[in-house]
Amino acid sequence: MQVNKIGAAMGAEIVGIDLSKPLDVADVQGVLDAFHAHQVIAIRDQNLTPGQLVTFSRHLGPLEDQLNARYTIPEHPEVLVLSNDMKDGKPVGLIDGGDYWHSDSSHRDKPSLATILHAKQNPKVGGDTQFANMYLAYEKLPADLKARITGLKAVHAVSKLKNKRVKVSERRPDAKDHYEMQKAIPDQVWPMVRTHPATGKKALYVSERFTVGIEGLPEAEADEILDFLFDHQVKPEFVYTHKWKDGDLVIWDNRAVLHRGAGGYTYPDVRTMHRTVVAGDRPY
Ligand SMILES: [Fe+2]
């Protein structure tokens, strides 16, 4: 197995490993070490069935239930299909996944540890995934703001209808009802600066998609801080843009990076991914 750095802000590729075969302890440790060192890793040239994807994913920890059960693979409910493909006039997968910067499941009581995407079909144009390094974003904050937000907690909400900074996608037929229903789901409150349990490093933990306020602060005061942070945390020097190759399997660390889908492809140019999510612990 060989690990090569691929981005300036973060990111590495791994070549020379076949995840469809049983892995030994050294292989798993090698993948984990690269994951902790680089935050985003692309394991090249993989051809995995959904079952093999699940088996590999479990090396990183127990898997999360997928929230969008209607787009999971029936025999493998841990695998969500992300796709803009259509069959008999209906979408075969979730089509509006991740258009705003976020960390997966920061709105749940145990946010995700890692997300794993396996490219099944890449579009001819577009379809990049962008990542922003929250270790760097924290490190590069002005000292007074670092001090100001240390010890503060931010409010994370799942429904887009609770967030004035985001729009509901027009492309998804059931979107309005979906987000209306989600308004009843309780918000979560997490430290704005979290400590990574494996590396011990501090990371900024807010995002435009899910963070809607700061606990104990009036809206105007919170907005001033959040607007600054949302702008700061995705500056080009913190961002790595992944251009997918056929067979890529990408793993990112939701405790240390934000991500978003860059879009830019249109049906019948099809993009299909299989996704699993490794469950995490409560941020501290
Ligand atoms: Fe996501």
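This text goes with the structure placed above it.
Residues numbered from 1 in each chain as written. Predicted model: local features only at pLDDT ≥ 70, side-chain atom pairs only at ≥ 80, totals over all residues.

Trainee: Describe the overall build of the chain, with residues and values.
Mentor: Broken down by element type, the chain carries six helices and 18 strands. Taking 2.2 N^0.38 as the reference for a compact globule, 284 residues should give roughly 19 Å; the C-alpha atoms of the chain span a radius of gyration of 18 Å, in line with that estimate. Overall, the chain is about 50 × 45 × 30 Å in size when its C-alpha atoms are taken along their principal axes. Within the chain, the fraction of its 284 residues that count as buried is 42%. Long-range pairs, those at least 24 residues apart, make up 79% of the contacts in the chain with a sequence separation of at least 6. (Helix = DSSP H or I, 4+ residues; strand = E, 2+ residues; numbered from the N terminus. Rg over C-alpha atoms; globule rule 2.2 N^0.38 Å. Buried ≥ 20, exposed ≤ 12 C-beta atoms within 10 Å, placed from the backbone. Contact = placed C-beta atoms within 7 Å.)

Trainee: With reference to specific residues and values, describe the environment of His196.
Mentor: Position of His196 relative to the elements: it lies in the loop between strand E12 (193–195) and strand E13 (202–204). Here His196 falls in the partly exposed class, since 17 other C-beta atoms lie within 10 Å of it. Remark: the alpha-carbon pair of His196 and Val54, spanning 142 residues in sequence, is separated by 25 Å. Once residues within four sequence positions are removed from consideration, His196 is found in contact with Lys201, Ala203, Arg255 and Ala256.

Trainee: I'd like a rundown of the environment of Ser20, residues and numbers included.
Mentor: By the element assignment, Ser20 lies in the loop between strand E2 (12–15) and helix H1 (25–38). In the structure, Ser20 is positioned 35 residues away from Thr55 in sequence and 8.7 Å away in space, judged by C-alpha atoms. Ignoring anything within four residues of it in the chain, the contact list for Ser20 reads Asn47, Leu48 and Gln52.

Trainee: Break down the sheet that holds strand E9 (residues 129–133) for me, with residues and values.
Mentor: The three strands are arranged E15-E9-E17 in an open sheet whose pairing can be described as antiparallel. Sheet topology places strand E15 (239–242) and strand E17 (257–261) at the edges, where each strand pairs with a single neighbour. Between one strand and the next, the sheet's axes are offset by a mean angle of 20 degrees, whatever the strand orientation. By the bridge criterion, five bridges tie E9 to E17 in an arrangement that is antiparallel. Each residue of the ladder has a partner; that of Ala132, found in E17, is Leu258. (Pairing = 2+ DSSP bridges. Axes fitted to C-alpha atoms, helices over the stretch in contact; angles between N-to-C directions.)

Trainee: Explain the nonpolar core to me, using residue names and the numbers behind them.
Mentor: Among the nonpolar cores identified, the biggest contains 62 residues, and Ile41, Ala132, Met134, Leu204 and Val257 are the most heavily contacted of them. Look past the residues within four positions of Leu204 in its chain and what remains in contact with it is Met134, Ala137, Tyr138, Met192, Val193, Leu229 and Gln233. (Core = buried A, V, L, I, M, F, W, Y, C linked by C-beta atoms within 7 Å.)

Trainee: Account for the sheet that holds E2, naming residues and giving values.
Mentor: One open sheet holds the eight strands; their spatial order is E1-E2-E3-E16-E8-E18-E5-E4, and the pairing between them is mixed. Each having just a single partner strand, strand E1 (2–5) and strand E4 (72–73) make up the two edges of the open sheet.

Trainee: How would you sum up helix H2 (residues 50–57)? Please name residues and give values.
Mentor: Every buried residue belonging to H2 is among Leu53, Val54, Phe56 and Ser57, and all of these are buried. Projected down its long axis, H2 shows its buried positions confined to an angular sector of 165 degrees, all on one face. Lining the buried residues of H2 we find strand E5 (76–83), strand E8 (112–121) and strand E18 (272–279). (Arc of directions from axis to C-beta.)

Trainee: Got a sec to walk through the pairing of E8? Specific residues and values, please.
Mentor: For E8, the tally of buried residues reaches nine of 10 residues, placing the bulk of the element in the interior. Here E8 pairs with E18 via eight bridges, running antiparallel. Its bridge partner lying in E18, Ala119 is registered against Met273. In this sheet, strand E16 (residues 249–253) lies alongside E8 in antiparallel orientation, the contact comprising five bridges.

Trainee: Requested: an account of unusual backbone geometry, with residues and values cited.
Mentor: With an omega of 15 degrees, the peptide bond between Tyr267 and Pro268 qualifies as cis. You will see that Gln39, though not glycine, has its phi angle at about 70 degrees, which is positive. The class of Gln39 is buried, set by 30 C-beta atoms lying within 10 Å. Although it is not a glycine, Asp45 adopts a positive phi angle of roughly 60 degrees.

Trainee: Any details on the environment of Pro236? Residues and values, ideally.
Mentor: In this structure, Pro236 sits in the loop between helix H6 (219–232) and E15. Exposure remark for Pro236: the 9 C-beta atoms within 10 Å place this residue in the exposed category. Residues Pro236 and Ala9, spaced 227 residues apart in sequence, show a C-alpha to C-alpha distance of 8.8 Å.

By themselves, these figures tell us nothing about what the structure is for.
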